[in-house]
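In case you want the letters, here they are:
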Amino acid sequence: MRLVPWQPDDLLRRLDDVVTVYGEAMGYRTELLQTRRGYIGAHVRRPGFRSVATLSTEGALAGFGYGYTSGPGQWWHDQVRAALPTDSREQWLSDCFEVVELHVKPAAQGHGVGARQLRALLAMADGRTVLLSTPEADEQRSRAWRLYRRFGFVDVLRDFMFPGDERAFAILGRELPLAERPVDAPGIVGI
């Protein structure tokens, strides 16, 4: 497998594959995936957009990640801002890169793909901080949670409910730049 940076048009050309990987990784219903397709298509035009993809030797999409500069007027930013205490808003959201999506097909999980994607994405990110949301889960059993903790992400909000989703989410953050290699994180290949 190889990790490659993606430009907005690269992601749009592979939007069907991106939505498929997203759906498999998150376990979402088909009707929700069509809505997400529209959101993802619009996200590529946001300021500070950065994206990576992991491709098999045959070119199949095994995983992807993207983010952009978080700012007022963006749905996720505004939801999180409203839930944060006033002093935390400045700390976390004033110069923030938002990891919007980071997904790996279930068959490719457990091989360092997510860690390589996250490291590459954070290396390209602009901002003083980075935030992301992930479904609440047992931190010891969840691969995503173990990954984020290895990369030094800390709790910003817990048990947060986004409108339209029945699951609770955690908002996790860390400062940028990502200077040190996380424990057990494999190196980046192809970027």
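Up top you'll find the structure we're talking about.
Residues numbered from 1 in each chain as written. Predicted model: local features only at pLDDT ≥ 70, side-chain atom pairs only at ≥ 80, totals over all residues. Heavy atoms only, no water.

**Q** I'm lost on the sheet that holds strand E4 (residues 96–104) in this one. Help?
**A** In a beta sheet, neighbouring strands are held together by backbone hydrogen bonds and run either parallel or antiparallel to one another. Spatially, E1-E2-E3-E4-E5-E7-E6 is the arrangement adopted by the seven strands of the open sheet, whose pairing is mixed. A strand with exactly one partner marks an edge of an open sheet, and here the two such strands are strand E1 (2–6) and strand E6 (154–161). Pairs of neighbouring strands in the sheet enclose a mean axial angle of 20 degrees, with direction left out of account. The pairing of E6 with strand E7 (residues 168–175) spans five bridges and is antiparallel. Looking across to E7, one finds that valine 154 is bridged to glycine 173. The sheet contacts of helix H5 (residues 86–93) involve E4, strand E5 (129–135), E6 and E7, and relative to E5 the element is tilted by about 110 degrees. (Pairing = 2+ DSSP bridges. Helix = DSSP H or I, 4+ residues; strand = E, 2+ residues; numbered from the N terminus. Axes fitted to C-alpha atoms, helices over the stretch in contact; angles between N-to-C directions. Contact = heavy atoms within 4.5 Å.)

**Q** Can you help me understand the packing of helix H6 (residues 113–124) against helix H7 (residues 143–150) in this one?
**A** Pairs of packed helices are described in terms of their axes, by the angle between the two and the distance that separates them. For the pair H6 and H7, interaxial distance at closest approach is 10 Å and the crossing angle is 40 degrees. Put simply, H6 runs oblique to H7. The two elements H6 and H7 cross, and the hand of that crossing is right-handed. When H6 is examined against H7, the residues Gly114, Ala115 and Leu118 are found in contact with a partner set consisting of Leu147, Tyr148 and Arg150. Taken together, the residues of the contact of H6 with H7 break down into four nonpolar, one polar and one charged. (Parallel < 35°, antiparallel > 145°, perpendicular 65-115°, else oblique. Left-handed = near helix turned anticlockwise from the far one by under 90°. Nonpolar A, V, L, I, M, F, W, Y, C, P; charged D, E, K, R; others polar.)

**Q** Quick question: what am I supposed to make of unusual backbone geometry here?
**A** Leave glycine aside and you will find that most residues have negative phi; peptide bonds, for their part, are mostly trans. Between leucine 176 and the following residue, proline 177, the backbone shows a cis peptide bond with an omega angle of 5 degrees. Relative to the assigned elements, proline 177 resides in the segment after E7. At aspartate 159, a residue that is not glycine, the phi angle is positive and equals roughly 55 degrees. Following the sequence through the fold, aspartate 159 ends up in strand E6.

**Q** Whenever I open this one, the pattern of salt bridges confuses me. Can you help?
**A** Side chains that differ in sign of charge can pair as their charged atoms come close. Summed over the entire model, instances satisfying the criterion amount to 13 salt bridges. Residue glutamate 139 is joined to arginine 158 by a salt bridge in which the shortest nitrogen-to-oxygen separation is 3.2 Å. Of this pair, glutamate 139 sits in the loop between E5 and H7 while arginine 158 sits in strand E6; the two residues are 19 residues apart in sequence, bridging distant segments of the chain. By relative accessible area, arginine 158 is classed as partly exposed at 34%. Taken together, the salt bridges that share partners define one network made up of Glu136, Glu139, Arg149, Asp155 and Arg158. (Salt bridge = Lys/Arg side-chain N within 4 Å of Asp/Glu carboxyl O. Buried < 20%, exposed > 50% of the residue type's maximum accessible area, 1.4 Å probe, protein only.)

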